[in-house]
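# Coordinates in review
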Amino acid sequence: MAGETLLLDYGSGGRASQRLVSELFVSRFKNPVLDELNDAARLDISGPVAMSTDSFTVDPIFFPGGDIGSLAVHGTVNDVAMLGARPKYLSCGFLLEEGLDMDILTRIVDSMAGAAEHAGVIIATGDTKVVPRGALDKIFINTTGIGEIFVDPCPAGQLAAPGDAVIISGTMGDHGLTILAQREGLTFDAPLESDCASLNHLIERLILEVGDIHVLRDPTRGGLATTLNEIAGQSATAMIVEEDSIPVNPAVSSGCSFLGLDPLYLANEGKLICVLPQAKADKALELLHSDPLGKNARIIGQVEAGDGQGPARAGQVVLKTRLGGHRLLSMLEGEQLPRIC
Amino acid sequence: MDYTRAFGDPELSKGLLAQMQEELKEPFRFMEVCGTHTVAIFQSGLHTLLPKNMAHISGPGCPVCVTHESEVATFLMLAAMDKVIIATFGDLMRVPGPKGANLKLAQAEGARVEVVYSPFDALALAKDNPEHKVVFLGVGFETTAPTIAATIQMAREQGLDNFLVLCFHKLVPPALKGLLADPEAAVDGFILPGHVSTIIGLEPYQFLAKEYNVPAVITGFDPLDILKALLLMVRMVNEGKHEVVNGYKRAVADEGNPKARQVLYEVFQPCDALWRGIGEIPGSGLTFAPEYERFDALKVLGVTPPEAGPLPGCKCGDVLKGKMRPDKCPLFKKACTPANPVGPCMVSTEGSCAAYYKYNIDS
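Residues numbered from 1 in each chain as written. Chains lettered and ligands numbered in written order. Predicted model: local features only at pLDDT ≥ 70, side-chain atom pairs only at ≥ 80, totals over all residues.

With that settled, the discussion passes to the overall build of chain B. Across its full length, chain B carries 17 helices and 11 strands. Here the C-alpha radius of gyration of chain B, 21 Å, is about what a compact globule of 363 residues would show, namely 21 Å. Reported as C-alpha extents along the three principal axes, the dimensions of chain B are approximately 65 × 45 × 45 Å. Within chain B, residue pairs in contact and separated by at least 24 positions form 77% of the contacts whose partners lie at least 6 positions apart. (Helix = DSSP H or I, 4+ residues; strand = E, 2+ residues; numbered from the N terminus. Rg over C-alpha atoms; globule rule 2.2 N^0.38 Å. Contact = placed C-beta atoms within 7 Å.)

Here the focus is the overall build of chain A. Broken down by element type, chain A carries 9 helices and 13 strands. A compact globule built from 341 residues should have a C-alpha radius of gyration of about 20 Å, and chain A, at 21 Å, falls within 12% of that. Taking as baseline every contact in chain A between residues at least 6 positions apart, the subset at least 24 positions apart corresponds to 85%.

Among the nonpolar cores identified, the biggest contains 217 residues, and Met-239 and Cys-274 of chain A together with Ile-86, Val-134, Val-135, Leu-166 and Phe-190 of chain B are the most heavily contacted of them. In terms of domain composition, this core takes at least three residues from each of domain 1 (8–149) and domain 2 (157–328) of chain A. For Leu-166 of chain B, the residues in contact, after removing those within four places along its chain, are Thr-74, Phe-75, Leu-78, Val-135, Leu-137, Gly-138, Ala-297 and Leu-298 of chain B. (Core = buried A, V, L, I, M, F, W, Y, C linked by C-beta atoms within 7 Å. Buried ≥ 20, exposed ≤ 12 C-beta atoms within 10 Å, placed from the backbone. Domains from an automatic or database assignment.)

Residues and elements named next belong to chain A. If you check helix α7 (residues 223–235), its first and last C-alpha atoms are 19 Å apart, about what 13 residues at 1.5 Å a residue would give, namely 18 Å. In terms of burial, α7 is largely enclosed, as 10 of its 13 residues are buried. Inspection of α7 places Gly-223, Leu-224, Ala-225, Thr-226, Thr-227, Leu-228, Asn-229, Ile-231, Ala-232 and Ser-235 among the buried residues, and these make up the whole buried set. Where the residues of α7 are buried, they touch β7 (164–168), α5 (174–184), β8 (215–217), β9 (238–242), β10 (273–277) and β12 (317–320). Just beyond α7, the residue with positive phi is Ala-236, at close to 50°. (Expected span 1.5 Å × (residues − 1).)

Residues and elements named next belong to chain A. Read from one edge of the open sheet, 4 strands run β1-β6-β4-β5, paired in mixed fashion. Because the sheet does not close on itself, it has two edges, and the strands there are β1 (49–56) and β5 (122–131). On average, adjacent strands in this sheet sit at an angle of 15° to one another, irrespective of strand direction. In terms of strand pairing, strand β4 (residues 85–97) meets β5 through 9 bridges, oriented parallel. Bridged to Glu-97 within β5 is Val-131. (Pairing = 2+ DSSP bridges. Axes fitted to C-alpha atoms, helices over the stretch in contact; angles between N-to-C directions.)

Time to look at the environment of Asp-272 of chain B. All names here are of chain B. Looking at the secondary structure, you find Asp-272 in strand β10 (residues 268–275). Here Asp-272 falls in the exposed class, since 12 other C-beta atoms lie within 10 Å of it. With 122 residues separating them along the chain, Asp-272 and Ala-150 place their C-alpha atoms 22 Å apart. Among residues more than four places away in sequence, those in contact with Asp-272 are Glu-280, Pro-282, Gly-283, Ser-284 and Gly-285.

We now examine the interface of chain A and chain B. Across the boundary between the two partners, chain A contributes 24 residues, which contact 33 residues of chain B. At the level of secondary structure, the elements contributing two or more residues to the side of chain A that touches chain B comprise α8 (250–259) and β13 (326–328) of chain A. Residue composition of the side of chain A that touches chain B, grouped by class: 9 nonpolar, 10 polar and 5 charged. (Nonpolar A, V, L, I, M, F, W, Y, C, P; charged D, E, K, R; others polar.)

All right, on to unusual backbone geometry then. A cis geometry characterises the amide bond from Asp-59 of chain A onward to Pro-60 of chain A, with omega recorded as 5°. Here the residue pair Asp-152 of chain A and Pro-153 of chain A is connected by a cis peptide bond, since its omega of -5° sits within 30 degrees of zero. In this structure, Lys-138 of chain A is a non-glycine residue whose phi angle is positive, near 60°. As for its placement among the helices and strands, Lys-138 of chain A is situated in the loop between β5 and β6 (139–149). Despite not being glycine, Lys-333 of chain B has its phi angle at roughly 65°, a positive value. Inspection of the secondary structure puts Lys-333 of chain B in the loop between α15 (316–320) and α16 (344–347). You can call Lys-333 of chain B partly exposed: it has 15 C-beta atoms within 10 Å.

All names here are of chain B. A sheet is described by the order of its strands in space; here 5 strands give the open sequence β2-β1-β7-β8-β9, paired in parallel fashion. Each end of this open sheet is capped by a strand with a single partner; those strands are β2 (54–58) and β9 (244–246). Looking at each pair of strands side by side, their axes are set apart by 20° on average, direction ignored.

The next point concerns the pairing of β12 of chain A. Residue and element names in this part refer to chain A. Where β9 meets β12, 4 bridges bridge the pair, whose relative direction is parallel. Bridge pairing in β12 places Met-239 opposite Val-317. Pairing of β12 with β13 involves 3 bridges; the strand directions are antiparallel. The partner of Val-318 across the bridge, within β13, is Leu-328.

Residues and elements named next belong to chain B. One way to put it is that helix α7 (residues 119–128) packs onto helix α8 (residues 145–157) with a least axis distance of 9 Å and a crossing angle of 25°. With respect to α8, the axis of α7 lies roughly parallel. Where α7 crosses over α8, the two elements pack in a sense that is right-handed. Here Pro-119, Phe-120 and Leu-123 of α7 come into contact with α8, specifically with Thr-147, Ile-148, Thr-151, Met-154 and Ala-155. Residues belonging to the contact of α7 with α8 are distributed by class as follows: 6 nonpolar, 2 polar and no charged. (Parallel < 35°, antiparallel > 145°, perpendicular 65-115°, else oblique. Left-handed = near helix turned anticlockwise from the far one by under 90°.)

The next subject is the domain arrangement of chain A. Residue and element names in this part refer to chain A. Taken as a whole, chain A is organised into domain 1 (8–149) and domain 2 (157–328). Relative placement of domain 1 and domain 2: their C-alpha centres are 28 Å apart. Each partner contributes residues to the interface: domain 1 has 23 residues there, and domain 2 has 22 residues. Considering each element in turn, the side of domain 1 that touches domain 2 owes the most residues, 9 residues, to helix α3 (residues 68–81).

Pasting the structure below:
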């Protein structure tokens, strides 16, 4: 199908659709569940299950560090894994624009297959729709993932407790700034790259080898600041975070300073926030450092009761600045817009 | 040396703070007139570290915030016109106009509004859409006005007649004069805007010291810049010697940028302008010089800015003049939030209400 252009026929459900499914999707996602090609996939799964769905519309569809296909796998795998689950199966729905270059689609499908293999998940079922030119922008992908929960209780925002340490697995803002820079055609001296990666293997080790993980979250849209606020709100605790301990890539930091953006509000696609008892923090850090995906992990702060003893009230996230002052680290309001002067 | 961090050195900052604490004898109210300073002071946590008897007031330093209600109504009128594309910096998208209208809503209702990062992008937009008039919203101070003037000159060289500018630029020194003329204004010193000063230099501010006996320091946006400026002013007050000082020599030449000013005043000339919450300030705006009038969106599209009054209940005017702290406004955090702003000081990321909302722990 190389060199071809996607026609409306490919979404018709007829022979053209079948060709697309068999030559492009089945051959690349190759696995016994999908190969059955029945109306639904038959899955082997037991115990409590985590399920998550996400739609991917990223523009540009290819960016340094990944593409819409790998992102659609990593994003959903991470969401399922954050609940203390072992992601097993993904569904994927493609919405494609008529006229899309088949080579582009092939690259994206290849990339999804690679990401799925790396994460150890099976793409068990899928759907393809082709819409007339202009009805959407090139390609949108929806993935739904399910996985078996292997820990009880599973990590949840409500479980953050006073005395816990807050750890992040690496630098903040890489994905968000990479996408923005690509979209606006901005180039910086130092290379920017999305951190897009599946974290399920790392999470499994954290839960099994360190244990007692109270909260696991991935700071995607809205960034670290927004996710920490969600956790503080869910658990009715206060969080104190040290600005100086939050790792930010120098290229991201200078790009943000130039554009008037704050890396703590930019999306990450291969990072996690881990909240666990202080006594376990060093062990968690040691484990994270042993994995390339966690090599820049740091303890960035702690959870407090927010009862008037510290600077923050319950539900608030307070940043201790480099100067030693305190300020609110509030939730993102709407989108970050470029400043006027 | 990492210049993004060096000027925020914690140890040096602590030293300056201690020195200031020691030398500050009387209560001191300083005002900054640049949104970037507002944010820098909050973002660095400096506002929680300043001596107790040093009060920080945010003045009319955010171009979005001082954009008058009638100016907002004007660009909404243009957005509603057929065959018109509005090109704007992102900050203006949510600035509320009469009856809660804004550009984002206009866009959702079908107006063509494009967010650009540079006026040159608007020029490209005009080239790509020859059947439309592309109107760039010229809102800003002396910092951005020269680039927009240069873009207009480029449009003239390229013979583009569908590129227009709505010129609502404002000038900082006349506004400072307007503030000090208000008998209720109690400002003991000014932190002067680093960006604006790169263009205009030291001279236009001299009246602050000479006529009003108020010290002022041009300064940068990192904690050490701001602390140094404050310490300089404290010392000037202690010695009774009021001056205007350039404390940002790594970016600002005393004479400013003559080339930029030349371009600016080839295309534009000063005029009276309306400031939100303040009213008309003589000589505080820019309009087209006669030979560039064919780029004037108001003239070409035949639009007259409508009368428009303050938004009901909104105290942005008092906030802009430093008469009211943002968190003392009855609407703050209740009817007025960044998600649902009543006034412009809550819309702009550099507005003082937005800064209080976003960074202040107690409010």
